[in-house]
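Remarks on the overall topology
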Amino acid sequence: MSGSSGILAVQGAILGAVTAGCAILAPMKPALAGSFTVVDGRAATEISEISRFYIDDQLAATIRLDAGTPQRIVRIETPAGRLNHSYVLCGEITIRMPDGHTETHEVNGEGVLHHPDGQVLNALGTRNFTEFYLADPDDPSVVERRPGRAGLCAAPTS
């Protein structure tokens, strides 16, 4: 080994050891399985909306819509360890009725997402803005909707 190549070899070994040590000292972040996108838009009769999106029983996003923000697009990260994820949507939507008065409705829905990584899902409401669910217009097999109201949305009773 010549003098300069020996020095370079030692420097390389030191750099490798330091890099390995940094990898050990780096803080651990929870592993993520992937992400998907949710598009939520205000309907023509809606005045405002507040929606909470839960993935695997954990709050993943809160969306607020009104005249100034008629649509939001959020990226939801999914935890590692599974390909299918439960989802729950909860919230309140204030609508203007045909006679001009306003009503606030609780929206609520749940289901299972099958391999949602990379998908774009729409948040939709039915039954006079009382049911709320996700849908993938390009691949309906991604979302399995469960009928009824989600228990996670229930207001505390104490």
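In what follows, the structure referred to is the one given above.
Residues numbered from 1 in each chain as written. Predicted model: local features only at pLDDT ≥ 70, side-chain atom pairs only at ≥ 80, totals over all residues. Heavy atoms only, no water.

Some points on the pairing of strand β2 (residues 46-55)
Here is the rule we go by: The criterion for strand pairing is that DSSP finds at least two bridges linking the strands in question. Helix and strand definitions follow DSSP, with helices as H or I runs of at least four residues and strands as E runs of at least two, each counted in order from the N terminus.
The pairing of β2 with strand β5 (residues 84-96) spans 9 bridges and is antiparallel. The residue of β5 that forms the bridge with phenylalanine 53 is leucine 89. Note: β2 against strand β3 (residues 58-65), 7 bridges, orientation antiparallel. Paired with tyrosine 54 across the bridge in β3 is leucine 59.

Quick word on the packing of aromatic side chains
Quick reminder of the rule: We call Phe, Tyr and Trp rings a pair once their centres come within 6.5 Å, taking the six-membered ring for Trp, and we label the pair stacked below 30 degrees between planes, edge-to-face above 60, and tilted otherwise. Only protein chains enter the accessibility calculation, which uses a 1.4 Å probe; a residue whose area is less than 20% of its type maximum is buried, one above 50% is exposed, and one in between is partly exposed. Two limits define a charge over a ring: the Lys NZ or Arg CZ must be within 6 Å of the ring centre, and within 35 degrees of the ring normal.
Evaluated as defined, the whole model comprises 1 aromatic pair. Their ring planes at 50° and their centres at 6.5 Å tell us that phenylalanine 53 and phenylalanine 132 sit as a pair that is tilted. With phenylalanine 53 in strand β2 and phenylalanine 132 in strand β8 (residues 131-135), the pair connects residues that are 79 residues apart, well separated along the chain. Classification of phenylalanine 53 by relative accessible area gives buried; the value is 3%. By relative accessible area, phenylalanine 132 is classed as buried at 3%. Cation over ring: arginine 145 sits above tyrosine 133, and NZ or CZ is 3.8 Å from the ring centre.

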